Amino acid sequence: MTIAPEAPTRQAPEFLELEITGKCQLTCPSLCYAKAGPTEGHGSMTTDDWKRVIGEAAEIGVKRVQLIGGEPTTHPDFETLAQHALDLGLAVQTYSNLYRVRAGHWDLFRHPKASLATSYHSDVAEEHDRVTGRQGSHRATRANIVQALDRGIPLQVGIVHVFEGQRTAQAREELLALGVRTVNVDRVRSVGRGEVHVPSTADLCGRCADGRAAVMTDGTITPCVLGRFLGTGNVKAKGLAAVFAGRRWRETAASIPPRRVTACPPDDSGDCDPANTEACDPAY
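All figures in this text were calculated on a predicted structure; none of them were measured in a lab.

Cut-off values and rules
- Residues numbered from 1 in each chain as written.
- Predicted model: local features only at pLDDT ≥ 70, side-chain atom pairs only at ≥ 80, totals over all residues.
- Heavy atoms only, no water.
- Disulfide = S-S within 2.5 Å.
- Helix = DSSP H or I, 4+ residues; strand = E, 2+ residues; numbered from the N terminus.
- Buried < 20%, exposed > 50% of the residue type's maximum accessible area, 1.4 Å probe, protein only.
- Pairing = 2+ DSSP bridges.
- Contact = heavy atoms within 4.5 Å.
- Axes fitted to C-alpha atoms, helices over the stretch in contact; angles between N-to-C directions.
- 1 Å grid on protein atoms, 1.4 Å probe; cavity = no way out; pocket = protein on both sides within 12 Å on 5 of 7 lines; lining within 4 Å.
- Points joined across faces, edges and corners; volume = space filled by probe spheres on them.
- Nonpolar A, V, L, I, M, F, W, Y, C, P; charged D, E, K, R; others polar.
- Core = buried A, V, L, I, M, F, W, Y, C linked by side-chain atoms within 4.5 Å.

Engineer: Can you lay out the state of the cysteines for me, pointing to particular residues and giving the numbers?
Structural biologist: Put plainly, a disulfide is one covalent bond tying together the sulfur atoms of two cysteines. Following the criterion strictly, the structure yields one disulfide and no others. Linked covalently through their sulfurs, Cys 208 and Cys 224 form a disulfide whose S-S length is 2.0 Å. When the S-S torsion is 50°, as for the bridge of Cys 208 with Cys 224, the disulfide is right-handed. Highlighted residues: Cys 208 in the loop between strand 7 (182-187) and strand 8 (212-215) and Cys 224 in the loop between strand 9 (221-222) and helix 7 (240-244), separated in sequence by 16 residues. Summarising the burial analysis for this pair, Cys 208 and Cys 224 share the class buried.

Written as structure tokens, this is what we have:
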């Protein structure tokens, strides 16, 4: 296996994750970095706050935003925010658990600049439901993955290896057979409910702050949703441009170890076998 450092660019981002809510139908008891769940709220950022962030993002050169949570579609103004970003010419990815999809959302997801992302943890329902903490989540998510593919909606799927024996390789094979083109595999990071030690920059994949950033539900700007413990300023106080031009952002970005590229060992078919390596391409 060959491992080499990849030089980071550490610049103002072209990709911005917007964590618009902490509410989610699932709990993911050993995984959720955001500690999201059914009883959580949408945070202190108002819809007007989010619209200002999206507008400023377009002005400073952000090309793509990802609406994430929690489950972003539970936000009462999810469609308004997604459409606002699309109207400004931004590409919009919705990272949804695909547990429930409203009929009207399918039309939104079919916009030429829209796409979907989701998580899928096993080809066996009991294993997937164990990760999500909700019985029936595998059945619902898999059915909506098929729906998205049937509707021609671009879809990216992340698999996170949570427990010993989890059928992550088989889940990847199933998704590829269904027609998903992008399947990313990762491990649990020590953040949120996955925390096993105090999180540090060593727990990150190396992509945080490298052309990407995130805005939390209270307006805090971080290098990515997993790097949520690295606040660099607040969008309500300073705005995006001021934070990204500031010393704190530069120092935080420089503190993150650069991404390490792992040569993925091939399996018998010549494809990457996620069981043989930590992460072919991180899911986040």
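Engineer: Lay out the sheet that holds strand 9 in plain terms, naming residues and giving numbers.
Structural biologist: One open sheet holds the eight strands; their spatial order is 7-6-5-4-3-2-8-9, and the pairing between them is mixed. Either end of the sheet is taken by a strand with one partner, and the two such strands are strand 7 and strand 9. As paired elements, strand 2 (residues 15-19) and strand 8 share four bridges and run parallel to each other. Across the sheet, Leu 16 pairs through a bridge with Ala 213, a residue of strand 8. Along the sheet, helix 2 (residues 78-87) contacts strand 3 (64-68), strand 4 (91-95) and strand 5 (114-119); its crossing angle with strand 4, the most-contacted strand, is approximately 150°. Set on the sheet, helix 6 (residues 168-178) makes contact with strand 6 (155-161) and strand 7; between it and strand 6 the angle comes to about 170°.

Engineer: Outline empty space enclosed by the protein, supporting the account with residue identities and numerical values.
Structural biologist: A full pass over the atoms with the stated rule returns four cavities of 30 Å³ or more. Put simply, the largest cavity is a space of about 350 Å³. As for the largest cavity, its lining consists of 23 residues, of which Cys 28, Gly 70, Tyr 95, Asn 97 and Ser 119 are closest to the centre. Elements with a minimum of two residues in the lining of the largest cavity: strand 5 and helix 4 (125-132). In terms of residue class, the lining of the largest cavity is built from 10 nonpolar, 11 polar and two charged.

Engineer: Which residues make up helix 4, and what values go with them?
Structural biologist: For helix 4, the complete set of buried residues consists of Glu 127, His 128, Asp 129, Val 131 and Thr 132. Those residues of helix 4 that are buried are in contact with strand 5 and helix 5 (137-150). Count one or two residues on from helix 4 and you reach Gly 133, which has phi positive near 80°.

Engineer: Residues and numbers for the nonpolar core, please.
Structural biologist: By size, the foremost hydrophobic cluster in this structure holds 70 residues, and its most contacted members are Leu 16, Leu 18, Val 53, Val 215 and Leu 240. For this core, the element with the highest residue contribution is helix 2, accounting for five residues. Those residues in contact with Leu 16 that sit more than four places away from it in its chain are Val 53, Ala 57, Val 62, Arg 64, Val 65, Gln 66, Ala 213, Ala 214, Val 215, Leu 240 and Phe 244.

Engineer: Give a detailed account of the environment of Ala 143, specifying residues and quantitative values.
Structural biologist: Along the chain, the position of Ala 143 falls in helix 5. The spacing of Ala 143 and Leu 98 is 45 residues in sequence and 8.7 Å in space, taken between C-alpha atoms.

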